[in-house]
Amino acid sequence: YNDMVEKIGDDVLSRDLSISFGVIANDIERDKTFLKWVRKVRTNPRVEFSLHGYYHTEEEFGELDHDEAKYYLEKGKEQMMKYLGVMPVTFIPPYNVYSEGTEQALVDSGFKIISAGENDIEYTENLAYLGYGARTYGYDGAGYIPSEVTLENCKQSLDITGVCVIMVHPQDYLEPATFGTRTRNIDEERYSDFQKLLGGLEELNATSKTYKDLLQCS
């Protein structure tokens, strides 16, 4: 999804909005196109790269004990530091599922934020829980969510918690793959709707930040 990742990133940044990209760490060194683009944007203060699992298998961190989770968290962190040149502080578990062992492993591996679960907002001594308050597609069967619904959900999240995380996947804005090819063209109608969403976000009485921007040292 490199073309779509770059397009979304460029359009978000052109509006002075912020974005956190979830990175699947396994074999990231093979994705030369993505790594080249990362080098151009990684110093932009409006950009964050978060760890989004190691293999991104279904419920990858759902049943792991502390040591197993710590192994994959540190492996993923090492991959991102080596090939992206960034140190992740935010973890986005695949399928938004994680075990109790993963929570302590995150702390022990130096992570500060976990983003999983709808409206899961909580701040503890060691971790900030910043789940999504709005999304552009529901993989639970809801399907594509129009921008006006996403924006309204975001407003409600801001009113209730003071924070709105919007979950976006690049494939949300691609047409279905044609038979016999992995190539997927941009869905122009949906992407136009995404640009409407960005316009609506600009008008909110809110400040756009990455996850890591919410960290404060004391």
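As a reminder, the structure under discussion sits directly above these lines.
A brief structural summary. Please read all numbers here as calculations on a predicted model, not as lab measurements.

Examining helix α1 (residues 2-14)
Two residues of an α-helix separated by three or four positions point the same way, owing to the 3.6 residues in each turn.
Here comes step 1: A rise of 1.5 Å per residue sets the reference length of α1, with its 13 residues, at 18 Å; its end C-alpha atoms lie 18 Å apart and thus fit the reference within 8%.
Here comes step 2: For α1, the complete set of buried residues consists of M4, V5, I8, G9, D11, V12 and L13.
Here comes step 3: Against β1 (19-23), α2 (32-41), β2 (47-51) and α6 (188-202) lie the buried residues of α1.
Here comes step 4: Two residues or fewer past α1, D16 is found with a positive phi of approximately 60 degrees.

Side note on the packing of helix α3 (residues 66-83) against helix α4 (residues 100-108)
Here comes step 1: Taken N-terminus to C-terminus, the directions of α3 and α4 make an angle of 45 degrees; their axes are 8 Å apart at the nearest point. Put simply, α3 runs oblique to α4. When the axes of α3 and α4 are compared, the crossing they make is right-handed. Seen from α3, the contacting residues are H66, A69, K70, L73 and E74; seen from α4, they are G101, T102, Q104, A105, L106 and D108.

Re the pairing of β1
Both faces of the sheet carry side chains from a regular strand, because those side chains alternate between them.
Here comes step 1: Burial of β1 is one-sided: the residues I19, F21 and V23 facing one way are buried, the residues S20 and G22 facing the other way are not.
Here comes step 2: Note: β1 against β2, 5 bridges, orientation parallel. Among the inter-strand pairings, G22 is bridged to a residue of β2, identified as S50.
Here comes step 3: Crossover handedness for the path β1 to α2 to β2: right-handed.

Section: the side chain of T102
Here comes step 1: Among the secondary structure elements, T102 is positioned in helix α4.
Here comes step 2: Other than its neighbours up to four places away in sequence, T102 contacts F61, L64, A69, L73 and F91.

Focus: α2
Here comes step 1: Turning to α2, its buried residues number three or more, namely F34, L35, W37, V38 and V41. Looking straight down α2, one finds that the buried residues subtend no more than 165 degrees of arc, so they occupy a single side. Exposed residues pointing more than 90 degrees away from the buried face of α2 are listed as K32, K36 and K40.
Here comes step 2: Buried-residue contacts for α2 involve α1, β1, β2 and α3.

Quick notes on the pairing of β2
Here comes step 1: Counted residue by residue, β2 has 5 buried out of 5 residues, so it is predominantly covered.
Here comes step 2: A two-sided burial pattern is seen for β2, the buried positions comprising V47, F49 and L51 on one face and E48 and S50 on the other.

Some points on the side chain of T90
Here comes step 1: Note that T90 resides in strand β3 (residues 90-91).
Here comes step 2: At a separation of 2.7 Å, a polar atom in the side chain of T90 contacts the side chain of E48.
Here comes step 3: When residues no more than four places from it in sequence are discounted, the contact partners of T90 are E48, S50, L51, F111, I113, Y211 and K212.

Reading the values: the criteria
Residues numbered from 1 in each chain as written. Predicted model: local features only at pLDDT ≥ 70, side-chain atom pairs only at ≥ 80, totals over all residues. Heavy atoms only, no water. Helix = DSSP H or I, 4+ residues; strand = E, 2+ residues; numbered from the N terminus. Expected span 1.5 Å × (residues − 1). Buried < 20%, exposed > 50% of the residue type's maximum accessible area, 1.4 Å probe, protein only. Contact = heavy atoms within 4.5 Å. Axes fitted to C-alpha atoms, helices over the stretch in contact; angles between N-to-C directions. Parallel < 35°, antiparallel > 145°, perpendicular 65-115°, else oblique. Left-handed = near helix turned anticlockwise from the far one by under 90°. Pairing = 2+ DSSP bridges. Right-handed = clockwise from strand over helix to strand, strands pointing away. Arc of directions from axis to C-beta. Polar contact = N/O pair within 3.5 Å; in protein donor to acceptor, adjacent residues only side chain to side chain.

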